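# Secondary and tertiary structure notes
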Amino acid sequence: MRTRRLVLTAAAVAAIAATATACGPDNSDTSAAPAATGPAATGPAAPAAAPTTAAPAGAAPTKTAPPKSSPAPSAPAADKSGYGQACGANDLDFTAKTETQAGGYILISAKAKQGITCTLPGTHPVIAFGSGGIEAGPFEHGTGESITLSGAKTAYAGIMAKTTKGNQAVQYTDVIIGIGTPDPNPASVPVGTTPVDKPVVTNWHTLPKDAVPAN
């Protein structure tokens, strides 16, 4: 019996060995690495390029408008052009001088300011004293020729500040001169202490002797 078991055991071992030999690896070269498959073989996918928008053919390039600058302030306009206009008091430089002829009067001289050429009418200036507006009446009742002033050319008018005989009079130290009625910019000219009562004034003249308010 024991001999039979040994025979059976030996037969079983031989069968197992034959089976292992049949199922074992073949004699192919194992040094080559096996080919990789799946995601590891291809690596990570490259990111897709961002889409670009091509400009339409023939389209003009867009221009950026420059920022608008604020217009420079303009210079204030002059009251007058400086030439060929009628004179106003603000176009003239005045002086006043007391004269003794004809019982005493005030001689007014007028010159055009620098750069101004203007024309005085052939009548008298508008003369007033004080805030109460004691206005001088005309000494001459006619109208003379107009006078164009420019540079050193001078016009003259004479004021008789008091024409009455009595002692009634008001003392003033300045005379207000205008050209035309009304003059928007009359001038105030100092004349010293002067008694005023029913004053009169001559027309404008080119010579001082023609501006004496005397009969």
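Look up: the structure comes first, before these words.
About the cut-offs
- Residues numbered from 1 in each chain as written.
- Predicted model: local features only at pLDDT ≥ 70, side-chain atom pairs only at ≥ 80, totals over all residues.
- Heavy atoms only, no water.
- Phe/Tyr/Trp six-rings, centres within 6.5 Å; stacked < 30°, edge-to-face > 60°.
- Helix = DSSP H or I, 4+ residues; strand = E, 2+ residues; numbered from the N terminus.
- Buried < 20%, exposed > 50% of the residue type's maximum accessible area, 1.4 Å probe, protein only.
- Core = buried A, V, L, I, M, F, W, Y, C linked by side-chain atoms within 4.5 Å.
- Contact = heavy atoms within 4.5 Å.
- 1 Å grid on protein atoms, 1.4 Å probe; cavity = no way out; pocket = protein on both sides within 12 Å on 5 of 7 lines; lining within 4 Å.
- Points joined across faces, edges and corners; volume = space filled by probe spheres on them.
- Nonpolar A, V, L, I, M, F, W, Y, C, P; charged D, E, K, R; others polar.

## Things to note about the packing of aromatic side chains
Counting across every chain of the model gives one aromatic pair. Residues Phe129 and Tyr172 carry aromatic rings whose centres are separated by 6.1 Å and whose planes lie at 40 degrees to one another, so their mutual orientation is tilted. Taken together, the residues span a long stretch of sequence, with Phe129 in strand 5 (residues 126–129) and Tyr172 in strand 10 (residues 170–178) at a distance of 43 residues. Side by side, Phe129 and Tyr172 carry an identical accessibility label, which is buried.

## Here's the deal with the nonpolar core
A general tendency of soluble globular proteins is for nonpolar side chains to be buried together. By size, the foremost hydrophobic cluster in this structure holds 30 residues, and its most contacted members are Leu92, Phe94, Leu120, Val175 and Trp204. Mapped onto this core, the elements with two or more residues apiece are strand 2 (92–99), strand 3 (105–112), strand 4 (118–120), strand 5, strand 8 (147–149), strand 9 (154–160), strand 10 and strand 11 (187–196). Leu92 has contacts with Cys87, Ala110, Lys111, Ala112, Lys113, Cys118, Leu120, Leu149 and Ile179, leaving out every residue within four places of it along the chain. Within the second largest apolar cluster, five residues are counted, among which are Leu107, Tyr156, Ala211 and Val212.

## Re the layout of surface pockets
One water molecule sets the probe size; rolling that probe over the atoms shows where empty space is left. Taken as a whole, the largest pocket spans an internal volume of roughly 250 Å³. Among the secondary structure elements, those contributing two or more residues to the lining of the largest pocket are strand 3, strand 9 and strand 11. Considering every element that reaches the lining of the largest pocket, the biggest residue donor is strand 11, with four residues. Residue composition of the lining of the largest pocket, by class: seven nonpolar, seven polar and two charged.

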